[in-house]
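As a plain string of letters, each chain reads:
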Amino acid sequence: MSALQMLYKPIACYFITKKFIQFVRFFYVNRGECYVAEREQQVIGVYVLLPTRPETVELVNVAVVEKLHGTGIGKHLVMDAIQVAKAKCYKRIEIGTGNSSIGQLALYQKCGFRINGVDLDFFIKHYEEEIFENGIQCRDMIRLSQDL
């Protein structure tokens with residue numbers, strides 16, 4: 001077995017931060033399937049697959065333990081999600097991220113996703129507090145998708 005083990009079944013989510021716990025519990029747990037990555041019996045990453053339309057699933061809340069950012073685990077999670085979606089016979093996988101999430105935008109495109117839309121002012125309308133990443137205000141949701 002590899003050093004990174006994916007659990008291929010819906011399970012009670014393991015969460016990376018308290019804020020993440022609240023967000024996922026409220027929006028996704030009852031509607032999606034949560035997958036975790038473990039290394040040496042420690043949860044190191046998580047993602048949720050959320051069915052949105054017939055034959056379409058959205059990849060939401062990809063998260064990696066902060067100290068392991070930049071080690072390839074995020075890419076592994078995204079690629080795993082693509083394979084799980086294919087195995088579940090979805091025809092399309094979608095993902096969204098903020099305009100200021102430069103690393104995530106690069107990752108998703110490296111994994112085969114293509115930008116297909118922008119929800120202007122999404123984060124302004126749906127979040128009470130302003131969000132800044134990489135010195136950029138997160139205002140717009142960049143939508144990406146991939147045909148499977």
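You'll find the structure just up there.
In this text, all values refer to a predicted model and were calculated from it rather than measured experimentally.

Visitor: Whenever I open this one, the pairing of strand β2 (residues 33-39) confuses me. Can you help?
Guide: Side chains on a regular strand alternate between the two faces of the sheet. Most of β2 sits out of view: 5 of its 7 residues are buried. Pairing of β2 with strand β3 (residues 42-53) involves 7 bridges; the strand directions are antiparallel. Across the sheet, E33 pairs through a bridge with L49, a residue of β3. Linkage of β2 to β3, two consecutive antiparallel strands, is achieved through a turn of 2 residues, within which E40 is found at a positive phi near 55°.

Visitor: Whenever I open this one, helix α3 (residues 102-110) confuses me. Can you help?
Guide: An α-helix turns once per 3.6 residues; consequently, residues spaced three or four apart project the same way. All of the buried residues in α3 are L105, L107 and Y108. End-on, the buried residues of α3 take up no more than an arc of 165°, which puts them together on one face. Of the surrounding secondary structure, the elements contacted by the buried residues of α3 are β4 (56-64), α2 (73-87), β5 (92-98) and β9 (141-147). Looking at the residues trailing α3, positive phi occurs at G112, about 100°.

Visitor: Explain the packing of aromatic side chains to me, please; I cannot follow it from the model alone.
Guide: Note on aromatic pairs: each is described by the distance of the centres and the angle between the planes. Summed over all chains, the structure comprises 4 aromatic pairs. Between Y35 and Y47 the ring centres are 5.1 Å apart and the planes differ by 20°, which places this aromatic pair in the stacked class. In this pair, Y35 sits in strand β2 while Y47 sits in strand β3, placing the two residues 12 residues apart along the sequence. The exposure class of Y35 is buried, given its relative accessible area of 2%. A centroid spacing of 6.3 Å and a plane angle of 65° characterise the contact between Y108 and F113, whose relative ring orientation is edge-to-face. Summarising the burial analysis for this pair, Y108 and F113 share the class buried. Through pairs of rings, three or more aromatic residues link up here, namely F122, F123 and Y127. Here R143 stacks its cationic end above the ring of F122, 5.8 Å away from the centre of that ring.

Visitor: How should unusual backbone geometry be read in this particular structure?
Guide: Leaving glycine aside, a negative phi is the common case for residues, and trans is the common case for peptide bonds. A positive phi angle, close to 55°, is found at N61, a residue other than glycine. Position of N61 among the secondary structure elements: in strand β4. On the basis of relative accessibility, which here comes to 18%, the residue N61 falls in the buried class. Positive phi, close to 60°, is recorded for D121, a residue that is not glycine.

How each quantity is defined
- Residues numbered from 1 in each chain as written.
- Predicted model: local features only at pLDDT ≥ 70, side-chain atom pairs only at ≥ 80, totals over all residues.
- Heavy atoms only, no water.
- Buried < 20%, exposed > 50% of the residue type's maximum accessible area, 1.4 Å probe, protein only.
- Helix = DSSP H or I, 4+ residues; strand = E, 2+ residues; numbered from the N terminus.
- Pairing = 2+ DSSP bridges.
- Arc of directions from axis to C-beta.
- Contact = heavy atoms within 4.5 Å.
- Phe/Tyr/Trp six-rings, centres within 6.5 Å; stacked < 30°, edge-to-face > 60°.
- Lys NZ or Arg CZ within 6 Å of the ring centre and 35° of its normal.

Everything listed is a geometric property; what it means functionally is a separate question.
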